Amino acid sequence: MKKLLFAATVLSAAAIGPGFAQNPLDLNQPPVGKAAGTFMIRARAIGVIPENNSSSITVIGGHVSATNQAAPELDFSYFLTDHVALELIAASTRHTISAQNTAVGTFDVGSAWVLPPTLTLQYHFLPQSRFSPYVGAGVTVAFWYATNPSNPPVTHFTVGNNVGAALQAGVDYNFSGHWFANFDIKQIFLNADAHVDALGTTVKARTSLDPLVIGAGIGYRF
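What you see is a predicted model, and the numbers here were worked out from it, not measured in a lab.

**Regarding the overall build of the chain**
Broken down by element type, the chain carries one helix and 15 strands. The buried share among the 222 residues of the chain stands at 43%. The contacts in the chain between residues at least 6 apart in sequence include a share of 70% that link residues at least 24 apart. As displayed, the chain has an accessible area near 10300 Å², and 66% of this comes from carbon and sulfur atoms.

**Here's the deal with the side chain of Ser77**
By the secondary structure assignment, Ser77 is in strand E4 (residues 69-79). A distance of 3.2 Å separates polar atoms of two side chains, one belonging to Ser77 and the other to Arg42. Residues in contact with Ser77, not counting those within four places in the same chain, are Thr38, Phe39, Met40, Arg42, Leu86, Glu87 and Gln122.

**Here's the deal with a nonpolar patch on the surface**
A cluster of nonpolar side chains, contributed by Phe39, Leu74, Phe76, Tyr78, Leu80, Leu86, Leu88, Leu119, Leu121, Val139, Val163 and Phe222, occupies part of the molecular surface with about 1100 Å² of accessible area. Among the elements that take part in the nonpolar patch, E4 stands out by supplying three residues, more than any other. Its place among the elements puts Phe222 in the segment after strand E15 (212-221). Classification of Phe222 as exposed rests on a relative accessible area of 53%.

**Digging into the nonpolar core**
In terms of nonpolar packing, the biggest core is built from 28 residues, with Ile46, Ile97, Val109, Trp144, Phe157, Val159 and Val196 touching the most fellow members. Listed by contribution, the elements that provide at least two residues to this core are strand E1 (39-49), strand E3 (63-66), strand E6 (93-102), strand E7 (105-115), strand E9 (131-149), strand E10 (154-159), strand E13 (191-198) and strand E14 (201-208).

**Things to note about unusual backbone geometry**
Here Leu126, not a glycine, exhibits a phi torsion of approximately 50°, which is positive. Among the secondary structure elements, Leu126 is positioned in the loop between strand E8 (118-124) and E9. Despite not being glycine, Ala146 has its phi angle at roughly 50°, a positive value. Turning to its location among the elements, Ala146 is positioned in strand E9.

**Details of the pattern of salt bridges**
Summed over the entire model, instances satisfying the criterion amount to ten salt bridges. For the salt bridge of Arg42 with Asp172, the shortest nitrogen-to-oxygen distance reads 2.9 Å. Of this pair, Arg42 sits in strand E1 while Asp172 sits in strand E11 (residues 162-176), and the two are 130 residues apart along the sequence. When salt bridges with common partners are traced through the structure, they connect Lys34, Arg42, Arg44, Glu73, Asp75, Glu87, Asp172, Asp184 and Lys186 into a single cluster.

**A word on the side chain of Thr93**
Mapped onto the fold, Thr93 is located in strand E6. Side chain to side chain, Thr93 and His95 meet in a polar contact 2.8 Å long. Setting aside anything within four residues of it in sequence, one finds Thr93 in contact with Val48, Gln69, Ala71, Ala112, Trp113 and Val114.

**Quick word on the environment of Leu126**
We classify Leu126 as partly exposed; its relative accessible area is 26%. For Leu126 and His83, which are 43 residues apart along the polypeptide, the C-alpha to C-alpha distance reads 7.7 Å.

**Digging into the packing of aromatic side chains**
Applying the stated criterion to the full structure yields six aromatic pairs. When the centroid spacing of 5.2 Å and the interplanar angle of 75° are considered together, the rings of Tyr123 and Phe125 count as edge-to-face. With relative accessibility at 38%, the residue Tyr123 sits in the partly exposed group. Each member of the aromatic cluster is reached from another via a ring pair, and the members are Trp179, Tyr220 and Phe222.

Calculation rules
- Residues numbered from 1 in each chain as written.
- Predicted model: local features only at pLDDT ≥ 70, side-chain atom pairs only at ≥ 80, totals over all residues.
- Heavy atoms only, no water.
- Helix = DSSP H or I, 4+ residues; strand = E, 2+ residues; numbered from the N terminus.
- Buried < 20%, exposed > 50% of the residue type's maximum accessible area, 1.4 Å probe, protein only.
- Contact = heavy atoms within 4.5 Å.
- Areas by Shrake-Rupley, 256 points an atom, 1.4 Å probe, with all protein chains shown as cover.
- Polar contact = N/O pair within 3.5 Å; in protein donor to acceptor, adjacent residues only side chain to side chain.
- Patch = residues over 30% accessible without salt bridge, like charges linked within 9 Å, V, L, I, M, F, W, Y side chains within 5 Å.
- Salt bridge = Lys/Arg side-chain N within 4 Å of Asp/Glu carboxyl O.
- Core = buried A, V, L, I, M, F, W, Y, C linked by side-chain atoms within 4.5 Å.
- Phe/Tyr/Trp six-rings, centres within 6.5 Å; stacked < 30°, edge-to-face > 60°.

Here's what the structure looks like:
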């Protein structure tokens, strides 16, 4: 379902732009659009939805699960051309991690924060129109920190940093002057490896988090 949502967003981003360009809204100011050599900064509210695919836990079996989370996000874009931009995305979220259906039952492992800066190369359709959809692809580096083990049986755990690919689609709406409304969706392909000290032994866990990140916010083009 999440991948279908991402695919639908990509297709609609490419499809709705031309329709709106042919019938521009009657606003007081013409759109400033996007242009080579300019910067854009956006602030979004995002929802991070891990998929928790293909997980495994040594010794005790079962699988790993990380909770959904909401957070603020900032991104910075630089337009290499009117159509092509580089975007750096930064946000940090706290997730509760649990081990489920293991040989000793289901239990909370603890919580951890992740900082996953993401750099994408984007193509912006209709950069001079009010509605300007875009697609992008890039890389995410996930830094895990501030791990906090739950009550026994877990006494300590760590999550290793990792690198993954990212796909992106969205649309900007130039509603007034240099101000833009934005909707954005990213599918990140990211594994996580954890070492958990519990029940007098060290357990290794691996999961494909593959989070879907959905965001909406506002931006300003300099």
